[in-house]
Amino acid sequence: MTGNKHTLVALVEDRPGVLNRMASLCRRRGFNIESIAVGHSETPRLSRMTIVVDGTNAMIEQLRKQLDKLVVTMKVSDITSDNIVVRELALIKVKANSETRSEIIQIVDIFRADIVDVAEESVTVEVTGDEDKIDSLLSLLRGFGIKELSRTGRIAMTRGGTSLLGEDKDKTGGRRQKKAAS
Amino acid sequence: MKMTGAQMMLDGLVKEGVEVTFGIQGGKVIPLFDTMPQFPQIHHVLTRHEQGAAHAAEGYARATGKVGVCIATSGPGATNLVTGIADAFLDSVPMVAITGQVNRPDIGKDAFQEVDITGITLPITKHNYLVLDTPSMPRIVREAFYLARTGRPGPVLIDVPGDVFMEETEFHYPKEFDLPSYKPTLRGHPAQINKAAKVINDARQPVILAGRGVIVSGAYAELKELAEKAQIPVITTLLGISAIPESHVLSYGWLGMHGMVHANMATDAADTIIAIGMRFDDRATAKVSAFNTRARIVHIDIDPAEIGKNIKVDVPIVGDVKTVLTQLNKVVETSQHIDWISQLDEWRRTHPSLNIRDSESVLPQYVVRQIYEATKGEATIVTGVGQHQMWAAQYYHYDHPNSLITSGGLGTMGFGLPAAIGAQVGRPEAIVWCLDGDGSFQMTIQELATIQQERLPLKIAILNNGFLGMVRQWQELFFGKRYVATPLSGPDFVKVAEAYGIPGTMAKRREDVIPAIEQALSEPGPFLIDFRIEPEENVYPMVKLGGSLVELLEGEDVKKGVVKS
Ligand SMILES: Cc1ncc(C[n+]2csc(CCOP(=O)(O)OP(=O)(O)O)c2C)c(N)n1
Ligand SMILES: [Mg+2]
């Protein structure tokens, strides 16, 4: 697939099966989901999803509209080209012994990450940041041996005062009106 | 007040105006059927297969514009509906499918006749529900019907565990319901309307491509007004047939794979395309990358996701076709396109697509034309899928709104007979003809019993070529005439019909055709005609394999020695 990584954020009803509907639609339309993160939003009964997918602008716009068409979605927005804050959290269990432990701690400090658990032969590091930061930390820790890795996938939010439900950037009028009473 | 889940379901159906349901009994829906006598407003049509129930519900919905309802039990009953649900999904047909499910405590345990039908139908329904909480039944039924019929219509499935049907709980009918995330756009954006009007006013060689959206929104008058005001030729898609009377001076047939040559040429040459309630399906566009790249395209559709999906458009308008055309007609200027229209007439004259050659044998084109003559174009035509479907679409003349019912998007063999049943139930006064192929007919042939039990005056014409004809045509043209697995040795259809108590006759020679049709029409009840047509007749025109709209096979007979009937 040619194209770039896109970040879609969606507000969806907080009900069983909703994640399945979203994921199934991506699969059916031939999109490979790189990551998907779900949790509560500021509005009760609405969850917020951040989906990272690859594709050209036109393909992603088609996917966005198809997701938006699902009855369970309130709003889906492609915020890739907006000014956004992007974060991911990772837990990394690194092999450690008395010789390597202090070196690992130094690296963790540079990245402003935390050690959240220490065992005889390992330390567990918690790091938050964008993917690049996590990737760089990982590449430094890899030399010590990584026993376990868990990444949450990206969550994202636009900078500034707007919110997803308030924001509007559709030019055809389609989406704006879809969400307006009619 | 207390009610059982089954009572709430049926009460909901009555409140939604449902008069008829189609389907088959079974363990988990016995309580629902058992409750039906309390709701005599609903007539249940017992089909002989759940696929038949789903297609009948579709036929009913397509004929009436109302929501078609089908019912099946859990497990195999539910999976048998799947083809009909998919068919309704692809052709935007309003449908509510009700399925039984195993009791709540048994869900997820692979209980007897358990299937995850909401999972299975996830990609082929507009939305679906599993009712786990009995008091939510009235709300779910309301929402389901609302979703099925509004916006871009489509099928909605409600899966109900048997114990939910039986459970008695407090009943509250929701006066209001809230679907905050579902608000279809009806009115076109004024700025877009003005842009579209400008494009239309500037056009020199415009065509309108009218799809099923025109029929769904009932925008017949508005379409005609636009065409007449701006003098724009109207070409339809297969599913758009009868959006404009085919005898209208500005009607130029339908486009696509087996569309009329002049319609394809005009679409290819147009400088402006106004696509209305159609979705640039590949059977309509032919090779999509070669689809008219120079035209400015206005696309009107209620589904924003259809805009820009297959074809890049210049002016998208999201909205209901009827509403948008009303807006547009106010700002489009009167104009003339005399040279352009005479160009179309010239193409139509030099590339006659619908001539019928002289022959002693029974030609399918001739049969369809004679059915048209005998019914004076007043019939509702329902088809199976294959060559006969194309001949039915080509050689009957559709002057009445919504007079062709056919499976377009899914192309489902076996659709014809049950869909015709549904159409006849929905239009009891209409003359309904099922034009079927011998292959398609045999896929749902058991519904003859339903016709008999319901005493429906359906007329059935089988264009019997002894082949899976459309596939045979491809084998002939593109696979070295190797007829692998396409010859069919059918039963004696007249005898089969008789066994079901339906009279019929066979037409073997050309001179048998008219008397057989007349006999069918003089019969007050159902009648079947087995037309033994020329076995290796092909459908022309035909877009070449992978070709563009204008890379066509016109067929030798079409080119030379043509005789008009
Ligand atoms: C359920 C289903 N199975 C297979 C096909 C593929 N198919 C398309 S047309 C056709 C032949 C149809 O034969 P018949 O009904 O006799 O019509 P004819 O083309 O001979 O007029 C087949 C097998 C289909 N469209 N639907
Ligand atoms: Mg056949």
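Residues numbered from 1 in each chain as written. Chains lettered and ligands numbered in written order. Predicted model: local features only at pLDDT ≥ 70, side-chain atom pairs only at ≥ 80, totals over all residues. Heavy atoms only, no water.

Colleague: Go over the sheet that holds strand β6 (residues 127-130) of chain B, please, and point to the residues and values.
Modeller: Residue and element names in this part refer to chain B. Ordered by their spatial adjacency, 6 strands build an open sheet running β3-β2-β4-β5-β7-β6, and the pairing between neighbours is parallel. The sheet terminates laterally at β3 (43-46) and β6, the two strands that pair on one side only. Taking each pair of neighbouring strands and ignoring which way they run, the sheet shows an average axis angle of 20°. Examined bridge by bridge, strand β4 (residues 68-72) and strand β5 (residues 95-101) share 5 bridges and lie parallel to one another. Bridging from a neighbouring strand, A72 pairs with T99 of β5. (Pairing = 2+ DSSP bridges. Helix = DSSP H or I, 4+ residues; strand = E, 2+ residues; numbered from the N terminus. Axes fitted to C-alpha atoms, helices over the stretch in contact; angles between N-to-C directions.)

Colleague: I'd like to hear about the coordination of the magnesium ion (ligand 2), residue by residue, with values.
Modeller: In an ideal octahedron of six donors the angles at the metal are 90 or 180 degrees, and in an ideal tetrahedron of four donors they are 109.5 degrees. Bound to the magnesium ion (ligand 2) are the protein donor atoms D438 of chain B (OD), N465 of chain B (OD1) and F467 of chain B (O), situated 2.0 to 2.2 Å from the metal. Taken in sequence order, the residues that donate to the magnesium ion (ligand 2) follow the motif D-x26-N-x1-F. (Donors = N, O, S within 2.8 Å, 3.2 Å for Na, K, Ca; no water.)

Colleague: Summarise the packing of helix α10 (residues 220-230) of chain B against helix α13 (residues 321-331) of chain B; cite the residues concerned and give the values.
Modeller: Residues and elements named next belong to chain B. It is at 9 Å that the axes of α10 and α13 come closest, and there the two elements cross at 30°. As summarised for this structure, α10 and α13 are arranged roughly parallel, according to the angle between their axes. Where α10 crosses over α13, the handedness of that crossing is left-handed. Listed contacts from α13 to E222, L223, E225, L226 and K229 of α10 are K322, L325, T326, L328, N329 and K330. In terms of residue class, the contact of α10 with α13 is built from 4 nonpolar, 2 polar and 5 charged. (Parallel < 35°, antiparallel > 145°, perpendicular 65-115°, else oblique. Left-handed = near helix turned anticlockwise from the far one by under 90°. Contact = heavy atoms within 4.5 Å. Nonpolar A, V, L, I, M, F, W, Y, C, P; charged D, E, K, R; others polar.)

Colleague: Account for helix α4 (residues 76-90) of chain B, with residues named and values stated.
Modeller: All names here are of chain B. Its 15 residues place the ends of α4 22 Å apart at the C-alpha level, agreeing with the 21 Å of an ideal helix rising 1.5 Å per residue. Helix geometry: α4 is bent most strongly at V82, by close to 35°. Restricting attention to buried positions, one finds in α4 the residues G77, A78, L81, G84, I85, A86, D87 and A88. As for α4, its buried residues are in contact with α3 (50-64), β4, β5, α5 (117-120) and β7 (155-161). (Expected span 1.5 Å × (residues − 1). Bend = angle between axes of the 7 residues up to and from the residue. Buried < 20%, exposed > 50% of the residue type's maximum accessible area, 1.4 Å probe, protein only.)

Colleague: Describe the domain arrangement of chain A, with residues and values.
Modeller: Residue and element names in this part refer to chain A. Assigned domains within chain A: domain 1 (4-82) and domain 2 (85-155). On a C-alpha basis, the centroid separation for the pair domain 1 and domain 2 is 29 Å. Taken together, the links from domain 1 to domain 2 amount to 0 salt bridges. Run the count over domain 1 and domain 2 and you get 2 residue pairs in polar contact (both at pLDDT 80 or more). Contributing elements (two or more residues each) for the side of domain 1 that touches domain 2: β1 (4-13), β2 (33-40) and β3 (46-55). (Domains from an automatic or database assignment. Salt bridge = Lys/Arg side-chain N within 4 Å of Asp/Glu carboxyl O. Polar contact = N/O pair within 3.5 Å; in protein donor to acceptor, adjacent residues only side chain to side chain.)

Colleague: Describe the packing of helix α1 (residues 5-15) of chain B against helix α6 (residues 137-149) of chain B, naming the residues involved and giving the relevant values.
Modeller: All names here are of chain B. Relative to each other, α1 and α6 sit at 30°, their axes nearing to 9 Å. As for the relative orientation of α1 and α6, their crossing is right-handed in sense. Of α6, the residues touching α1 (which contributes G5, M8, M9, G12 and L13) are M137, P138, V141 and F145. Residue classes in the contact of α1 with α6 are distributed as 7 nonpolar, 2 polar and no charged.

Colleague: So what about the pairing of strand β2 (residues 20-23) of chain B? Which residues, and what values?
Modeller: Residue and element names in this part refer to chain B. Burial along β2 is two-sided: the residues V20 and F22 and T21 and G23 are all buried. Here 4 bridges tie β2 to β3, and the two strands are oriented parallel to one another. Bridge pairing links V20 to H43 in β3. Since β2 and β3 lie parallel, the crossover through helix α2 (residues 30-35) that links them has a hand, and here it is right-handed. As paired elements, β2 and β4 share 2 bridges and run parallel to each other. Along β4, the bridge assignment pairs F22 with C70. (Right-handed = clockwise from strand over helix to strand, strands pointing away.)

Colleague: Tell me what's going on with unusual backbone geometry, and back it up with residues and numbers.
Modeller: Residues and elements named next belong to chain B. With an omega dihedral of -5°, the bond running from Y540 to P541 counts as a cis peptide bond. In this fold, P541 is placed in the loop between β20 (527-532) and β21 (542-543). Despite not being glycine, S242 has its phi angle at roughly 85°, a positive value. Take S242: it is sitting in the loop between β10 (234-236) and β11 (251-254). One non-glycine residue, R455, lies in positive phi territory at about 50°. As for its position among the elements, R455 is in the loop between α19 (448-454) and β18 (459-464).

Colleague: Report on the domain arrangement of chain B, specifying residues and quantitative values.
Modeller: Residues and elements named next belong to chain B. By domain assignment, chain B separates into domain 1 (2-170), domain 2 (190-350) and domain 3 (356-539). Just the C-alpha atoms count here: the centres of domain 1 and domain 3 sit 30 Å apart. Residue-level contacts link 24 residues of domain 1 with 26 residues of domain 3. A combined buried area of about 1,800 Å² lies between domain 1 and domain 3, and 61% of that area is made up of carbon and sulfur atoms. By the criterion of area lost to domain 3, the three top residues of domain 1 are R48, R62 and A63, representing 30% of everything that side buries. Between the two partners, domain 1 and domain 3, sit 11 residue pairs in polar contact (both at pLDDT 80 or more). (Buried area = accessible area lost by both parts, 1.4 Å probe.)

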